[in-house]
Amino acid sequence: MRSGQRRRTTTAAQASATGTTTRERVGGGIGSDAERPDGVPKVQGRFGFSSDAFAEGMLWGRTLRSPHAAARIRSIDTSGAEQLDGVEVVITAADVPGRATFGLEHPDQPVFASDVVRYQGEPVAAVAAVHPEIARRAVEAIAVDYEPLDPLIDAEAAVDADPIHPDGNVVRHIEIVHGTPDEITGSVVVEGTYEIGMQDQAFMGPESGLAIPDGDGGVDLYISTQWLHVDRDQVAACLALEPEQVRLTLSGVGGAFGAREDVSLQVHVCLLALRTGQPVKMVYSREESFFGHVHRHPARMHYRHHADHDGTLVKVEASLWFDGGAYASSSTAVISNACSFAPGPYRVAHAHVRGWAMRTNNPPCGAMRGFGSVQVCMAHEAQMDKLAAALDIDPVELRLSNALRTGDQLITGQRITGVAPVAECIRAAADAPPLDDDRDEPLRFPGGTGRTADRHHVRRGTGVAVGFKNLMYSEGFDDFSTAAVRLEVGADGAPVATVHCAAAEVGQGFVTLAQQIVRTELWAQVVHLHQADTAIGSAGSTSASRQTWMSGGAVQGACDRVRERLLQRVADRRGIDLTGARREVLALRDGEIRHVDDGWSVPLGEALEDGPVEANYEHHHVRTDPFDERGQGDAHVSFVFAAHRAVVDVDPELGLVRVQQLTTGQDVGRALNPRAVIGQIEGGIAQGVGLAVMEEIVLDEGCIANPSFTDYLIPTALDMPVVDATLIEQPEPGAPYGAKGVGEPPTISSTPAVVAAIRDATGLDLRRVPVRPDDIALRRS
């Protein structure tokens, strides 16, 4: 039964049990191994995730999804669901009051499919009921008459195929022409075609959210996401509301890795709440989560490398087909990255790279850790090994001789003005101490004790790979982050700082960093973090390894303003002139305002007796430019590099692989929290190992065959190799504290290093990841 608008029955504070990240007396400034403020409650199970949110009188929402990868919808009959007791409302495309489509960069995806479905799992209708089981039964009672169609599942074939979307199949085509590639041929030429499967972000907390109507036509949404303000704008457009009528608050996020950049249930749950006038909660199951978010783009890549006899790389040719699935998501930026970094971190005078991001009837793909660089790194590093073999040059020496340096030019014409310690990364990874292990230990055999690998069959291999990518957004995007800092005297008389920033904490550690910055800049040891919400300006997305630079810069800038206002307050009180060069006579050090010439000081708490001091700051990075028609331009802000050496054991008879060790040298600029950096490196390597030998969404005619963690395997702690990391610290000019983002590089080159090691152990020409047991055992036989 449908119901009309009613006044809200609860308050926002009651609605969410999540989100406080305040933890007092956790010390440590910039450069220290400061503890996470949310670490203890998370390991004790006391942290509130979005799925824990609750509101008095709330309903439960559920989504009906297409079972077909491609089909026409002949009719939708919701009467069976509406007649069930406990069902409050059933909604379809006809009930969307505003824009019928949404999208991260391009609004091409329907809120609900109405005439055709373009991928398995596409939403068709949604219900709200008094109990989640009734909502499940209601969804099953909706009758949809489909006419199945032949799905378009090959991205390369999609270039010339009939369009599956009014905007066509080509989301974006990029061509980069560098130098005079048509006039150059190397003395030695190697080529190959490589493929990468569809990887899932596999975060632990499925999509969930709680929407509460405000009684005045607006709505409050408590949600786990990566970018509050972009979600808000898409929801408001679809609901025909002004942005200020849609207020988002970040609830506890159980991992993201890019999958939460796109809207999933946000529009549905808000629309259900507004239609019923009651709070509505939605929580995806693990299986539904596989259909509810984007994945990493599968790709097919053809490469041809040219070099002189001395190993100098002279030309790279590449054609890249990235499968974006049914809708655009962030495919335009992903293919831009893939083309920009197609040759790898090497000097090359001539290049011709062509890239296509395509629509197909496969599941939609978008952002994932590494964002376009992961795919091409697997290919360009295989090519470098092939080139080394053809030239009879050591693979490490070949990479070192061509490694990018500061001042070198990329194939996009941009010169590297920041630090580029590529050679240092390679040497750190390649020269790390060899693995000292017990090769007779059964638990370390490929497959462990359960698969009976014979140690006499086990072969060891070693491989090296190098990768790089951009930091922050590119191609002219006006990127910024906003933060507010308030400094005052707390209840116990000690200074207390409060930070308000919309940066989404998804596990990367911004909550830790923000406190470190305040303790360093303002000497306030107690730092409260206001819940991230849309009441303050945007902080941008937690992606592109950007929050340390962007939101860290915003917090630092706000602290600077607070300090200056506080110093001026003390100067006014004491009649001190701070104009011009005299500004330097007062300084905030060790919790005191000091006069550097006269020697007197004022405790920070005393300086705040007249009331709090607060300031806002909006941090922008340097301007970037879009590419021209030849793919040339200063499109990127900064770059980050990493190298990996993998040691693997392989049982060729069974096709089993055990990754034993990964050594890495990573360019970090400056490690603001070394322990957190190591955590990012280990986590990124786990995803790289997973892509190399385990993780793939298996598709059958566009339909997912393994939507569970029983069939989609990810590395566990027992699968993790020994990790030996060297942090290459060379501060980046222009970056707050000289720090670079560190989350993505570990994922980029760890995968090709593992594959190179498997090639070394088996002698097989492996060109696809993940490497499956049959790729080894059957190829060998």
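### Comments concerning the packing of helix α6 (residues 228-239) against helix α7 (residues 266-276)
The N-to-C vectors of α6 and α7 enclose an angle of 50°; their axes lie 10 Å apart at closest approach. Here α6 lies oblique to α7, going by the angle between them. Handedness of the α6/α7 crossing: right-handed. Where α6 approaches α7, its residues Asp231, Val235, Cys238 and Leu239 are matched on the opposing element by Gln266, Val267, Cys270, Leu271 and Leu274. Looking at the contact of α6 with α7 residue by residue, the class counts come to 7 nonpolar, 1 polar and 1 charged.

### Section: the sheet that holds strand β3 (residues 87-91)
Read from one edge of the open sheet, 7 strands run β3-β7-β1-β14-β11-β12-β13, paired in mixed fashion. Every interior strand has two partners, whereas the edge strands, β3 and β13 (246-250), have only one. Strand-to-strand, the axes of this sheet are offset by a mean angle of 20°, without reference to chain direction. Direction of pairing for strand β1 (residues 59-65) relative to strand β7 (residues 123-129): antiparallel, over a ladder of 6 bridges. Following the sheet pairing, Thr63 is matched in β7 by Ala126. Against the sheet, helix α4 (residues 132-141) contacts β1, β3 and β7, and its axis sits at roughly 25° relative to β1. Against the sheet, α6 contacts β12 (219-223) and β13, and its axis sits at roughly 150° relative to β13.

### Some thoughts on α6
If you check α6, its first and last C-alpha atoms are 16 Å apart, about what 12 residues at 1.5 Å a residue would give, namely 16 Å. Counting buried positions along α6 gives 10 out of 12 residues, so the element sits mostly inside the fold. Taken residue by residue, α6 has Leu228, His229, Val230, Asp231, Arg232, Gln234, Val235, Ala236, Cys238 and Leu239 as its buried positions. Here the buried face of α6 lies against β4 (101-102), β12, β13 and α7. Immediately downstream of α6, the backbone of Ala240 shows phi near 60°, a positive value.

### Structural notes on the confidence of the model for the protein
Here the protein averages 95 in pLDDT, and 96% of its residues register 70 or above. Here residues 1-21 is modelled with pLDDT under 50, and outside its nearest four sequence neighbours on either side it reaches 68 contacts, counting other chains as well.

### Here we look at the pattern of salt bridges
Any two side chains of opposite charge can pair, given that their charged atoms come close. Under the counting rule described, the total for this entry stands at 44 salt bridges. Glu156 is paired through a salt bridge with Arg300; the nearest N and O atoms lie 2.9 Å apart. Of this pair, Glu156 sits in helix α5 (residues 155-158) while Arg300 sits in strand β15 (residues 299-307); the two residues are 144 residues apart in sequence, bridging distant segments of the chain. Close ionic contact of Arg304 with Glu317 constitutes a salt bridge, the shortest N to O distance being 3.2 Å. Of the two residues, Arg304 sits in strand β15 while Glu317 sits in strand β16 (residues 313-323), which places them 13 residues apart along the sequence. Here Arg304 falls in the partly exposed class, since its relative accessible area comes to 28%. Through salt bridges with shared partners, a single network forms among Asp154, Glu156, Glu195, Arg300, Glu696, Arg768 and Arg772.

### Examining unusual backbone geometry
Residue Pro770 is reached from Val769 by a cis peptide bond, and omega for that bond is 0°. Relative to the helices and strands, Pro770 resides in the loop between β31 (768-769) and α18 (773-780). Phi at Phe257 takes a positive value of approximately 55°, unusual for a residue other than glycine. Phe257 sits in the partly exposed class, given a relative accessible area of 33%.

### Some points on the pairing of β1
A large share of β1 lies buried, amounting to 5 of its 7 residues. Pairing of β1 with strand β14 (residues 280-283) involves 2 bridges; the strand directions are parallel. Within the sheet, the bridge partner assigned to Trp60 lies in β14 and is Lys281.

About the criteria used
- What you see as residue numbers is a count from 1 along each chain, following the sequence as written.
- Only residues with pLDDT of at least 70 get local features here, since the model is predicted, and only at 80 or more are side-chain atom pairs given and counted; chain-wide, interface and lining totals rely on the full set of residues.
- To get the side-chain values, all heavy atoms of the structure are used, and hydrogens and water are removed first.
- For helices, the fitted line uses only the C-alpha atoms of the stretch in contact; every axis is such a line through C-alpha atoms, and the angle between N-to-C directions lies from 0 to 180 degrees.
- A run of H or I in DSSP counts as a helix once it spans at least four residues, and a run of E counts as a strand once it spans at least two, with each numbered from the N terminus.
- In this scheme, roughly parallel covers angles under 35 degrees and roughly antiparallel covers those over 145, while 65 to 115 is roughly perpendicular and the rest are oblique.
- By convention, the crossing between two helices is left-handed when the near helix turns anticlockwise from the far helix through less than a right angle, and right-handed when the turn is clockwise.
- The criterion used for residue contact is that any of the two residues' heavy atoms lie within 4.5 Å.
- Classes in brief: Ala, Val, Leu, Ile, Met, Phe, Trp, Tyr, Cys and Pro nonpolar; Asp, Glu, Lys and Arg charged; the others, Gly included, polar.
- Whether two strands pair comes down to DSSP finding at least two bridges between them.
- To estimate the expected span of a helix, subtract one from its residue number and multiply by 1.5 Å.
- Relative accessibility decides the category of a residue: with a 1.4 Å probe and only protein chains considered, values under 20% of the type maximum give buried, values over 50% give exposed, and everything between is partly exposed.
- Per residue, pLDDT measures the predictor's confidence, with a range of 0 to 100.
- One side-chain nitrogen of Lys or Arg within 4 Å of one carboxyl oxygen of Asp or Glu is enough to make a salt bridge.

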